[in-house]
Amino acid sequence: METIEKQVRKELFLLKDEDYKKFTSKLIPTISPDKIIGIRVPVLRKFAKDFSKQKESFLYLDLPSHFYFEENNLHAFLIENLKDYNLAMEYTEKFLPNIDNWATCDTFSPKVFKKYPNQVYEKIRKWLKSDEIYTIRYAIGLLLTNFLDENFEKEMLRLVANVKSEEYYVNMMIAWYFATAMAKQPEETLFIIEEKSLSKFVQNKSIQKAKESRRISDETKKYLETLKV
């Protein structure tokens, strides 16, 4: 009898798109092309949604790790389909150390987390102190997507500003966070940019991304230009 891993892998390879594999390989240089099947994200999400209705999906979620990029993404999308917060968080914490690229990190966001902002925020505070590159990036990404509107707190800006890293994929997410925060919470965010406490790369990249935003006024963009390091 085939294991759940082999069974699912066969089904995933039926969804392979060779052109998309080449495209994905260029986008994610940190992953060997040998580990990429080549499945478009909407196709994989649909597969995950259908698979999540089967009890065997929990056998898949209990696997400790996966070989292929899309297998990891499938794992993430199965977690997204969980409606129970505690279960989703339990599987998320087990999964985070297995994330090894920016794409898996950035496409993974359980919907149920939006219903429990206080509990998720406490987890984020812990994840920001992790030694894992993509756990830190994931935490900042959640602050960007789920905590810059009605759940925003000024202290969150300081939490992200205090993350000091030499890792490109961490620093890029910090820059995206502050650029987005400039559009959504301009007064509080501008103070961080003005004090120039961020690393040179993050400071300048945050300003660059903010200048590319259509949600920020030309006047503000001109002022941001004067704050480059």
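Residues numbered from 1 in each chain as written. Predicted model: local features only at pLDDT ≥ 70, side-chain atom pairs only at ≥ 80, totals over all residues. Heavy atoms only, no water.

**Some thoughts on the pattern of salt bridges**
- Under the definition given, this model contains 16 salt bridges.
- In this structure, Glu 18 and Lys 16 form a salt bridge, with 3.3 Å as the shortest nitrogen-oxygen distance.
- Using a relative accessible area of 36% as the deciding quantity, one classes Lys 16 as partly exposed.
- Note that Glu 93 is salt-bridged to Lys 126, the shortest N-O span being 2.8 Å. Residue Glu 93 is found in helix H6 (residues 85-95), and its partner Lys 126 is found in helix H8 (residues 117-127); the two are separated by 33 residues along the sequence.
- Classification of Glu 93 as partly exposed rests on a relative accessible area of 25%. (Salt bridge = Lys/Arg side-chain N within 4 Å of Asp/Glu carboxyl O. Buried < 20%, exposed > 50% of the residue type's maximum accessible area, 1.4 Å probe, protein only. Helix = DSSP H or I, 4+ residues; strand = E, 2+ residues; numbered from the N terminus.)

**Focus: helix H11 (residues 168-184)**
- The terminal C-alpha atoms of H11, which comprises 17 residues, lie 24 Å apart, in line with the 24 Å expected from a rise of 1.5 Å per residue.
- Burial runs high along H11: 14 of the 17 residues are buried. (Expected span 1.5 Å × (residues − 1).)

**A few points about the environment of Tyr 68**
- Mapped onto the elements of the fold, Tyr 68 is located in the loop between helix H4 (56-61) and helix H5 (69-80).
- Among the residues examined, Tyr 68 registers a relative accessible area of 14% and is labelled buried.
- For the pair Tyr 68 and Lys 83, spaced 15 residues apart in the sequence, the C-alpha separation amounts to 26 Å.
- With residues near it in sequence (within four places) discarded, Tyr 68 still touches Arg 9, Phe 13, Asp 34, Lys 35, Ile 36 and Ile 37. (Contact = heavy atoms within 4.5 Å.)

**Topic: unusual backbone geometry**
- One non-glycine residue with positive phi stands out, namely Lys 196, at about 55 degrees.
- Checked against the element boundaries, Lys 196 lands in the loop between helix H12 (186-195) and helix H13 (200-211).
- Using a relative accessible area of 40% as the deciding quantity, one classes Lys 196 as partly exposed.

**Section: the packing of helix H10 (residues 154-161) against H12**
- Between H10 and H12, the shortest axis-to-axis distance is 9 Å and the interhelical angle comes to 30 degrees. Looking at the two axes, H10 sits roughly parallel to H12. Classified by chirality, the crossing of H12 by H10 is right-handed. Seen from H10, the contacting residues are Lys 154, Leu 157, Arg 158 and Ala 161; seen from H12, they are Glu 188, Thr 189, Phe 191, Ile 192 and Glu 195.
- Partitioning the contact of H10 with H12 into residue classes produces four nonpolar, one polar and four charged. (Axes fitted to C-alpha atoms, helices over the stretch in contact; angles between N-to-C directions. Parallel < 35°, antiparallel > 145°, perpendicular 65-115°, else oblique. Left-handed = near helix turned anticlockwise from the far one by under 90°. Nonpolar A, V, L, I, M, F, W, Y, C, P; charged D, E, K, R; others polar.)

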